[in-house]
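Here's the letter readout for the chains.
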Amino acid sequence: MYPKMANCKTNRRVYVETYGCQMNLADSELVGGILAKEGYAFTSDLETADVALINTCAIRDNAERRIHGRLGLFNAQKRRNPDLVVGILGCMAERLREKFLDQENLVDIVVGPDEYRKLPSLIEHAAGGEKGIAVRLSRVETYDDIEPLRTEGVSAWVSVMRGCDKFCTFCVVPFTRGRERSRPFSTVVEEVRSLAEQGFKDVTLLGQNVNSYADGDHDFADLMRAVADVDRQLRIRFTTSHPQDMSDRLIEAISTTDNICKYIHLPVQSGSDRILTLMNRTYSVDGYLALVEKIRSAIPGVSLTTDTISGFPGETDEDHRLTLALMKAVKYDGAYTFKYSPRERTRAWEMGDIVADELKTARVGEILALQRDLSREINQQFVGRSERILVEGPSKKSAQEYTGRTDTNRTVVFPHVQEQPGEYITVKIARANSATLFGIRA
Ligand code: SAH
Ligand code: SF4
Ligand code: F3S
């Protein structure tokens, strides 16, 4: 995934695999930056690697199970190459800590999200046969001075804050990522300037709770305006925002700045006030609906997406029905639907895992089916319209077709003639399904 490095001091080749959210993908680029500075080279082939790192996610049990499965593969490789240094990074490393060293014989180093600066020395020691662990969470680490090793392309991520102080009762993130802290305003703006100079066209500002960003007098709305001012040809996006921190100033910044995308991921989690209280989400259904109203009247045509959790402890059929009702009322442009997964140390863990798995599956299925219908209906309204899109590259299905994205974050597939990634073009939408628009060059 990384470009090959010349002049490597160590001659060691690193293989990195990444799971989880965009923040984890951005962290792998930071890890790449830290190791590149020490002269490491990179490979996309596990078999030729001297160091194999897996950047992990702990959000749900199935995420962790998948990673255990991948570790089995690393294990097989280590049997073939006993010198291979295997490292676990990220949220699951932070959650399970020394259990990895105790239980999984093959793991040499365990490094949490705030300790990546120690990686070069941990790798050195592990190569000499000494296992190592670094899992302290920090109140100040933002890796502000580290230049991420990015793959070239159209889109780049910039982490602007780390950690989360919200403590939703189901969520492990405050325990794996620690307390909230923001990077300095000026260095974020400078980083975006440098990305624009390097030819990136689409920049996403990242944080678990990105809209609670704060540096002195500057809030997230100030930051969005400032990075949008860097270059009007640059598209600016952000994720993820908590409804509580969706300020009027931020809504105004989005509505009045052309190159800030008209797209907000605004997870609701549940449509039942009773469940929202148990989740510690800090808003009510009415409050959330009023916020959606405010956003829609300030930003006409805005695209809204959400996350939902089915089967939170004690969720009744009535609570579930209320979630479906809310989804119908809001008519989201898209939704990510999850089955509740109990996480140790969280407050909801104490409440048990009361809802049967089959019921969770059935509820998720109903929400998905409803959202598919709503998305199809919404996307149909785009047929016949002209949309300005940013070209991203070949589509997954065919080399003759390219994909691009609208500023409301919709994927558009179109026949490729000579369009280049990073170019803005206008397409006319010919047809649509629930996930994709299909266009022809206007
Ligand atoms: N900070 C982001 C979310 C990060 S996790 C936010 O607040 O929006 C992404 C999504 O995973 C959450 O929105 C939630 O829907 C889901 N999630 C988190 N913990 C979960 C759990 N224990 N079980 C199931 N889904 C969970
Ligand atoms: Fe988890 Fe809630 Fe923080 Fe999001 S806001 S990361 S769901 S605790
Ligand atoms: Fe997963 Fe950690 Fe992100 S738990 S969702 S990788 S913050």
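Higher on the page you've got the structure.
Scope of this entry: the structure provided in the associated data block.

Each value, and the rule that gives it
Residues numbered from 1 in each chain as written. Chains lettered and ligands numbered in written order. Predicted model: local features only at pLDDT ≥ 70, side-chain atom pairs only at ≥ 80, totals over all residues. Heavy atoms only, no water. Core = buried A, V, L, I, M, F, W, Y, C linked by side-chain atoms within 4.5 Å. Buried < 20%, exposed > 50% of the residue type's maximum accessible area, 1.4 Å probe, protein only. Contact = heavy atoms within 4.5 Å. Near = heavy atom within 4 Å. Nonpolar A, V, L, I, M, F, W, Y, C, P; charged D, E, K, R; others polar. Helix = DSSP H or I, 4+ residues; strand = E, 2+ residues; numbered from the N terminus. Expected span 1.5 Å × (residues − 1). Arc of directions from axis to C-beta. Axes fitted to C-alpha atoms, helices over the stretch in contact; angles between N-to-C directions. Parallel < 35°, antiparallel > 145°, perpendicular 65-115°, else oblique. Left-handed = near helix turned anticlockwise from the far one by under 90°.

A short note on the nonpolar core
For soluble globular proteins, the rule of thumb is that nonpolar side chains tend to be buried together.
Then step 1. Judged by nonpolar contacts, the single largest core of 53 residues is most densely connected at Val160, Leu205, Phe220, Met246, Ile264 and Ile295.
Then step 2. Excluding its chain neighbours within four sequence positions, the residues that come into contact with leucine 205 are Val158, Val160, Val192, Val210, Phe220, Leu223, Met224, Val227, Arg237, Phe238 and Thr239.
Then step 3. Judged by nonpolar contacts, the second largest core, of 26 residues, contains Tyr15, Val86, Phe100 and Leu106.

Here we look at the site of ligand 3
Then step 1. Near ligand 3 you find Cys21, Asn24, Cys57, Ala58, Ile59, Cys91, Arg177 and Gln208, and these make up its full shell.
Then step 2. For the shell around ligand 3, a count of residues per class yields five nonpolar, two polar and one charged.

Some points on helix 2 (residues 61-80)
Then step 1. Over its 20 residues, helix 2 extends 30 Å from the first C-alpha to the last, a length consistent with the 28 Å expected when each residue adds 1.5 Å.
Then step 2. What helix 2 keeps buried is the set Ala63, Glu64, Ile67, Leu71, Phe74, Gln77 and Lys78. Buried residues of helix 2, viewed axially, fall in a sector of 110°; they line one side. With respect to the buried face of helix 2, the exposed residues turned more than 90 degrees away are Arg65, Arg66, Arg79 and Arg80.
Then step 3. Those residues of helix 2 hidden inside the fold are in contact with strand 1 (13-18), strand 3 (51-56), strand 4 (85-90), helix 3 (91-96) and helix 4 (98-103).

Looking at the packing of helix 12 (residues 317-330) against helix 14 (residues 357-380)
Then step 1. At a closest axis distance of 10 Å, the pairing of helix 12 and helix 14 adopts a crossing angle of 15°. Between helix 12 and helix 14, the angle is such that the two are roughly parallel. Helix-helix and strand crossings are classified by hand; for helix 12 and helix 14 the assignment is right-handed. Between helix 12, through Asp317, His320, Thr323, Leu324, Met327 and Lys328, and helix 14, the contact on the second element is made entirely by Arg363, Glu366, Ile367, Leu370, Gln371 and Leu374.

Just distances and angles here, no functional claims.
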